[in-house]
Amino acid sequence: MKLHMVDLIGQYNKIKDEIDGAVLETIASSAYINGPQVSSFSKNLANYHGVRHVIPCANGTDALQIALMALDLKRGDEIIVPAFTYVATAEVIALLGLTPIMVDVDPDHFNLTGELFEKAITPRTKAVVPVHLFGQAAEMEDIMKIASKYDIYVIEDNAQAIGANYQFSDGSVKKAGTIGHIGTTSFFPAKNLGCFGDGGAIFTNDDQLAQKMSMIANHGQTERYYHGMVGVNSRLDSIQAAILDVKLKYLDEYAAARNDAASIYDDAFREISVIQTPHRNPQSSHVFHQYTIRVKEGKREALRKYLTDENIPHNIYYPVPLYEQEAFKHLSGAVEFLPVTDMLCKEVLSLPIHTEMNQEILSYITQKINNFFN
Ligand SMILES: *Cc1c(COP(=O)(O)O)cnc(C)c1O
């Protein structure tokens with residue numbers, strides 16, 4: 001049986017006619033940059049999210065960088081980030097001469113909490129970047145309360161949880177990525193809403209920030225050939241936007257398919273005490289960008305070897321805490337040992353999850369894993 005971490009071909013084949021049509025139409029129009037597909041997709045994405053502004057850009061890393069550039073931060077200002085995340089989250093902070101302050105995460109949800117955030121605040125803290133890791137939102141209600149108390153900007157890194165719903169204690173619901181001052185996402189092919197190349201977007205309800213971020217993404221341009229500030233060149237291609245506009249219609253269906261697969265995994269591993277299946281944050285829905293288990297009692301490496309031998313795809317997101325990465329070792333404040341992050345890097349294991357999972361694939365994988373533990 002041929003297994004994949006993500007089955008992009010299977011997904012494409014189901015909507016091939018629609019995608020091909022949209023791509024060919026864009027090619028025939030020759031509006032390759034900033035074509036009508038880009039504004040159409042941005043509008044539809046804003047409607048889907050219930051957010052005032054969507055600023056499309058070239059990738060999720062740029063989205064984070066542009067968001068930070070819009071906040072008038074100074075060299076040495078501190079930005080709080082979870083240490084258990086993809087490198088991009090901290091990389092852009094360092095790149096802009098700001099100081100990433102890496103903090104620990106919750107051992108069950110793998111995300112930043114209000115408590116961990118508040119402990120790391122100093123007079124130099126200017127922003128926090130909660131990451132909605134693996135597909136569910138961090139504790140945004142607590143994080144927003146604390147951020148407002150200390151007057152700190154919140155940029156949600158929503159590269160992995162696009163479409164997740166977050167419910168506040170008053171019953172109101174917002175989409176992940178629209179809760180903080182700014183939210184960012186990525187359309188990297190393997191993300192939950194993936195294009196056929198690179199892409200990203202920024203969300204905000206703040207009109208001034210929106211205007212500034214659009215300007216930054218377009219060379220700091222105020223009007224054609226007049227540049228009010230130093231910006232970057234970060235665009236979403238029209239062809240990618242056309243593809244994304246088609247795929248956006250299926251995003252909720254895709255999340256449902258991922259959840260079905262996750263429940264089957266959960267049930268199959270219930271009796272295996274060494275495996276901790278993904279906890280669900282009661283305030284957030286989960287869109288299962290990854291299905292990530294913790295393999296306890298030091299058994300991960302043995303399971304990993306077994307899965308490799310059995311040709312079952314798997315991955316470790318992430319094997320090394322950010323503060324131990326060569327690139328960040330020199331940063332002051334980045335060297336502290338964080339026990340949960342350290343433990344997670346040794347225990348997590350992500351199994352195949354995508355929109356084309358079926359009973360046969362799931363039975364095969366879960367039986368093999370059960371065999372290993374019995
Ligand atoms: C993928 C990802 C990014 C970066 O997105 P790119 O489009 O690859 O630049 C940033 N943060 C997180 C958490 C991601 O998973």
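Just above sits the structure.
Description of the structure in this document. (Residues numbered from 1 in each chain as written. Predicted model: local features only at pLDDT ≥ 70, side-chain atom pairs only at ≥ 80, totals over all residues. Heavy atoms only, no water.)

Once that is clear, we can look at the overall build of the protein. The number of helices and strands found in the protein is 13 helices and 14 strands. For a compact globule of 374 residues, the expected C-alpha radius of gyration is about 21 Å, and the protein comes in at 21 Å, within 12% of that figure. Principal axes of the C-alpha set define a box for the protein whose edges measure 70 × 55 × 45 Å. Here the protein holds 374 residues, and the buried ones make up 57% of them. For the protein, long-range pairs separated by at least 24 residues make up 73% of all intrachain contacts whose partners lie at least 6 apart in sequence. Of the roughly 16200 Å² of accessible surface on the protein, a fraction of 50% belongs to carbon and sulfur atoms. (Helix = DSSP H or I, 4+ residues; strand = E, 2+ residues; numbered from the N terminus. Rg over C-alpha atoms; globule rule 2.2 N^0.38 Å. Buried < 20%, exposed > 50% of the residue type's maximum accessible area, 1.4 Å probe, protein only. Contact = heavy atoms within 4.5 Å. Areas by Shrake-Rupley, 256 points an atom, 1.4 Å probe, with all protein chains shown as cover.)

By the definition in use, this model includes 20 salt bridges. With a shortest N-O distance of 3.0 Å, Lys305 and Asp309 are connected by a salt bridge. Note that Lys305 and Asp309 are positioned in helix 11 (residues 300-309) at a spacing of four residues, about one turn of the helix. Taken as a pair, Lys305 and Asp309 share a single burial class, namely exposed. Between Glu310 and Lys368 there is a salt bridge, with the nearest N and O atoms lying 3.0 Å from each other. In this pair, Glu310 sits in the loop between helix 11 and helix 12 (339-347) while Lys368 sits in helix 13 (residues 359-373), placing the two residues 58 residues apart along the sequence. Each of Lys74, Asp77 and Lys126 takes part in one network of salt bridges that share partners. (Salt bridge = Lys/Arg side-chain N within 4 Å of Asp/Glu carboxyl O.)

What follows deals with the side chain of Thr204. Within the element layout of this structure, Thr204 appears in strand 9 (residues 200-204). In this structure the side chain of Thr204 is engaged in a polar contact, spanning 2.7 Å, whose partner is the backbone oxygen of His181. Not counting residues within four places of it along the chain, the set of residues in contact with Thr204 comprises Val51, Arg52, His53, His181, Ile182, Leu209, Ala210 and Met213. (Polar contact = N/O pair within 3.5 Å; in protein donor to acceptor, adjacent residues only side chain to side chain.)

This next bit is on the site of the ligand. Around the ligand, the structure places 13 residues, and the nearest of them are Gly60, Thr61, Asp157, Ser186 and Lys191. Here Thr61 contributes a side-chain N or O atom positioned 2.5 Å from an oxygen atom of the ligand. Within the side chain of Ser186, a nitrogen or oxygen atom sits 2.7 Å from an oxygen atom of the ligand. If the ligand stood free it would expose 380 Å²; the protein chains cover 92% of that surface. Secondary-structure elements contributing two or more residues to the shell around the ligand are helix 4 (60-69) and helix 5 (88-95). (Near = heavy atom within 4 Å.)

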